[in-house]
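# Observations on the model geometry
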Amino acid sequence: MLSATSFEAGETGRYSLSVTRADAGASRPDPTPGAATGAIAVGEQVRGRLGEGDAQLRSGEYVNTFTLRGRAGERVEIALTSDQFDPFLMLSGPGGFSTFNDDDPTGNGGLNSRLITTLPADGAYEITATSYAPGESGDYRLSVSRPGAEVADTPTRGEQAAPSGGRLSIGDTISGSLAAGDAQLNSGEYSDSYTFIGRRGQRVAIDAVSDEFDTYLMLSPPTGDQLDNDDGPDGTNARLTEVLAEDGEYTIQVTSFAPGETGRYTLSVTQGQESERQRTVQAGQRVFAVMVGVSDYPGDHNDLPFTDEDAIKLEEELARQGVLNPASIVLTNAQATRASVTAAFREVAAQAGPDDLFIFFFSGHGVQEDSDDPAELDGRRELLSLHDGDLSDDELAALFETVDARLALLVIDACYSGGFARDIITRPGIMGVFSSEEDLTSAVADKFQAGGYLSHFLRTGLEGAADENGDNLVTAGELSTYLRRQFQVEVADVQAETADGQRNYQNLVIDRGGVQVDDVILRLAGE
């Protein structure tokens, strides 16, 4: 169905609508490949070559694609020139934006292609360099500039040349050589390029081995930053081990550490393996958790909305995933007394073994009181407000001394919660996440119907949103990064204050202690 409408609401008037068959040379019925040969920025120029081994449209034209990061309203000029074939340019981007050009519209009589356009939105744009006719090949130059501005020549080491070595599959091992006449990086190193199709969450190990020169590897994903490696486990040989973060075409460049080095090499792309620390993390009901939420407070404490639901929703999410051990305990409101929380902690912690994750979660009020303990640098100690009294940082630290799990995760969504880090994150295997710094308040996350922002984002992170590379593992580094990014977006302007009225903003506190970036918090259920 084809609909004709107006740009603004309420506009009326006569119009003409025509549907014609496009000229074969002025359009491309095939979608362009979704993976980029490299990246290009405004003000840069790259050299490349179309030919055998490149991706092809269904109609037979070779294609190279490049990613351009653009901003809404930015005006750019894209030029594709060649003395060896008739260039054709295509540009696509966010929101279905698409445009193309066959010949330079300046009317100079040549075959070169030039696009001058205004980008409609922020985001990644794909520039496709191809030919007018199927099977054409040859060298080209691609430049992106502001209209009328000069462009720089090819960038330094990290420039992405068009694939010259062909396509690989995971599991392949091939032999090649760097030699005079190969493509060169701007810094003088010879380079061979190969492509392979990868999928999100796939683990790969890429090795470049040579007895004749010092190998250097570069891996460019469909979008995002290039990854480099100089030395692998055997000194001058290079190795990259990665979990692929997106579907699409990846480009491997084999080059040398120093300019001008030549010689034979072997390149292999194999299925990667989890690290030894990750392989030991078992699936199933391995999460032993004590989840406490207090919303209904007696006496002088103000009641809090949603904080009891924070604990309930966390239990529901972990149970839904099939990772929550039945020994886990949820305590809310009048259930959350000093005696019951302490007893629940000891009971659950005693059942968590060296293959398990132990979580203590609290959402509710946090308070401070004066202390003469020299370890309290600000002269105050922090307490969790339970239904019938307070649990101090020192008391909670003593409880954590009884935990003998693979990893212990402390999560406190309460005012002044950052002060607990100094007392509890004191030995390997304990990671703490706190909703605010030790002298600042924490806000209720009404917009998410949650008692606190940390509670909401912890739950979404553990249900899979924090699994950045899609390998069904949420690591300490991934969870930290996810929470920080969400706080930067949603909590950056949320005001907080100290006990004596000084004003600032709520900031997340994460202390991994001895927990490493790649240590696994949670193994998610696979597809």
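Keep in mind that what you see is a predicted model, and the values were worked out from it rather than measured.

Our focus in this paragraph is the packing of aromatic side chains. Under the defined criterion, the tally for this structure stands at twelve aromatic pairs. Plain terms: the ring middles of Phe 345 and Phe 358 are 4.9 Å apart, the flat faces sit at 65° to each other, and that makes the pair edge-to-face. Residue Phe 345 is found in helix H3 (residues 338-351), and its partner Phe 358 is found in strand S22 (residues 357-363); the two are separated by 13 residues along the sequence. With relative accessibility at 0%, the residue Phe 345 sits in the buried group. Ring geometry for Phe 448 and Phe 457: centres 5.3 Å apart, planes at 70°, overall edge-to-face. Site record: aromatic cluster; members linked through ring pairs are Phe 345, Phe 358, Phe 360 and Phe 400.

Below, the discussion takes up a negative patch on the surface. Together, Asp 378, Glu 437, Asp 439 and Asp 500 make up a region of like negative charge exposed at the surface. Mapping Glu 437 onto the fold places it in the loop between strand S27 (430-434) and helix H6 (453-465). A relative accessible area of 30% means that Glu 437 is categorised as partly exposed.

Turning to the packing of H3 against helix H4 (residues 393-400), a few remarks are in order. At a closest axis distance of 10 Å, the pairing of H3 and H4 adopts a crossing angle of 25°. By the angle between their directions, the pair H3 and H4 is classed as roughly parallel. As H3 packs across H4, the resulting crossing turns out to be right-handed. Counting all contacts with H3, which are made through Arg 338, Thr 342, Phe 345 and Arg 346, the residues of H4 involved are Glu 395, Leu 396, Leu 399 and Phe 400. Classifying every residue of the contact of H3 with H4 by side-chain character gives four nonpolar, one polar and three charged.

On average, residues of the protein chain score 86 in pLDDT, and 87% of them are at 70 or above. Counting contacts from residues 19-36, a segment whose pLDDT is below 50, to residues more than four positions away or on other chains yields 43 contacts. Segment residues 152-164 is flagged for pLDDT under 50; beyond a separation of four residues in sequence, or across chains, it makes 55 contacts in the model.

With that settled, the discussion passes to the sheet that holds strand S5 (residues 75-81). Picture the strands of a sheet paired through backbone hydrogen bonds; they go either parallel or antiparallel. If you walk across this open sheet you meet the four strands as S2-S10-S5-S8, and the pairing is antiparallel. Every interior strand has two partners, whereas the edge strands, strand S2 (44-50) and strand S8 (113-118), have only one. On average, each strand axis in the sheet is inclined to that of its neighbour by 15°, with strand direction left out of account. Relative to S8, S5 is paired through six bridges, and the arrangement is antiparallel. Pairing of Ala 79 across the sheet is with Arg 114, part of S8.

A positive phi angle is found at Phe 306, which is not glycine, with a value near 75°. As for its position among the elements, Phe 306 is in the loop between strand S20 (287-293) and helix H2 (307-320). Of note, the phi angle at Tyr 416 is positive, near 65°, even though the residue is not glycine. Checked against the element boundaries, Tyr 416 lands in the loop between strand S26 (407-413) and helix H5 (421-424).

Structurally, the position occupied by Gln 84 is in the loop between S5 and strand S6 (87-92). With a relative accessible area of 46%, Gln 84 lands in the partly exposed category. Ignoring any residue separated from it by four or fewer positions in sequence, one finds Gln 84 in contact with Arg 49, Ser 137, Gly 138 and Asp 139. Engagement of the side chain of Gln 84 in a polar contact is seen with the backbone nitrogen of Asp 139, the distance being 3.0 Å.

Enumeration according to the criterion identifies two cavities of 30 Å³ or more in this entry. The volume enclosed by the largest cavity comes to roughly 80 Å³. Lining the largest cavity are 13 residues, with Gln 282, Arg 286, Val 287, Leu 522 and Arg 523 sitting closest to its centre. Sort the elements by how many residues they give to the lining of the largest cavity and strand S32 (residues 520-523) lands first, with three residues.

What counts, and where the lines are drawn
- Here the residue numbers are simple positions, counted from 1 along each chain's written sequence.
- It should be noted that, the model being predicted, local features are given only for residues of pLDDT at least 70 and side-chain atom pairs only at 80 or more, the latter also being counted only at that level, while totals for whole chains, interfaces and linings use all residues.
- Each side-chain value is derived from all of the structure's non-hydrogen atoms; neither hydrogens nor water enter the calculation.
- Put simply, two rings from Phe, Tyr or Trp (the six-membered ring, in Trp's case) pair if the centres are within 6.5 Å, and we call them stacked under 30 degrees between planes, edge-to-face over 60, tilted for the rest.
- A run of H or I in DSSP becomes a helix once it reaches four residues, and a run of E becomes a strand once it reaches two; helices and strands are each numbered from the N terminus.
- Partly exposed describes any residue whose relative accessible area lies between the buried limit of under 20% and the exposed limit of over 50%, with all areas from a 1.4 Å probe on protein chains only and scaled to the type maximum.
- Each patch is built from salt-bridge-free residues with over 30% relative accessible area, joining like charges within 9 Å and nonpolar side chains (Val, Leu, Ile, Met, Phe, Trp, Tyr) within 5 Å.
- Note that accessible areas follow from Shrake-Rupley with a 1.4 Å probe, and for residues the cover is restricted to the protein chains shown.
- What makes a salt bridge here is a side-chain nitrogen of Lys or Arg within 4 Å of a carboxyl oxygen of Asp or Glu, nothing more.
- Think of it this way: Lys and Arg go in the positive column, Asp and Glu in the negative one, and His and the chain ends go nowhere.
- In plain terms, the charge of a residue is placed at NZ if it is Lys, CZ if Arg, CG if Asp and CD if Glu.
- Lines fitted to the C-alpha atoms define the axes, with helices restricted to the stretch that makes contact. Angles between their N-to-C directions range from 0 to 180 degrees.
- Angular relationships are summarised with four words: roughly parallel below 35 degrees, roughly antiparallel beyond 145, roughly perpendicular across 65 to 115, and oblique for the angles in between.
- Two helices cross in a left-handed way if the nearer one is turned anticlockwise from the farther one by less than a right angle. They cross in a right-handed way if the turn is clockwise.
- For this analysis, residues touch if any pair of their heavy atoms sits within 4.5 Å.
- Residue polarity is assigned by list, with Asp, Glu, Lys and Arg as charged and Ala, Val, Leu, Ile, Met, Phe, Trp, Tyr, Cys and Pro as nonpolar; anything else, Gly included, falls into the polar class.
- Per-residue confidence from the predictor is reported as pLDDT, which spans 0 to 100.
- For two strands to be treated as a pair, DSSP must find no fewer than two bridges joining them.
- Contacts described as polar in this section are N or O atom pairs within 3.5 Å, which, within protein, must combine one atom able to donate a hydrogen with one able to accept it, while residues neighboring in sequence count only if both atoms come from side chains.
- The distinction between a cavity and a pocket rests on a 1 Å grid over the protein atoms alone: a 1.4 Å probe fits inside a cavity but cannot get out, while a pocket stays open yet meets protein on both sides within 12 Å along at least five of seven lines, and a residue with an atom within 4 Å of a point counts as lining.
- Grid points are joined across faces, edges and corners, and a volume is the space filled by probe spheres set on the points.

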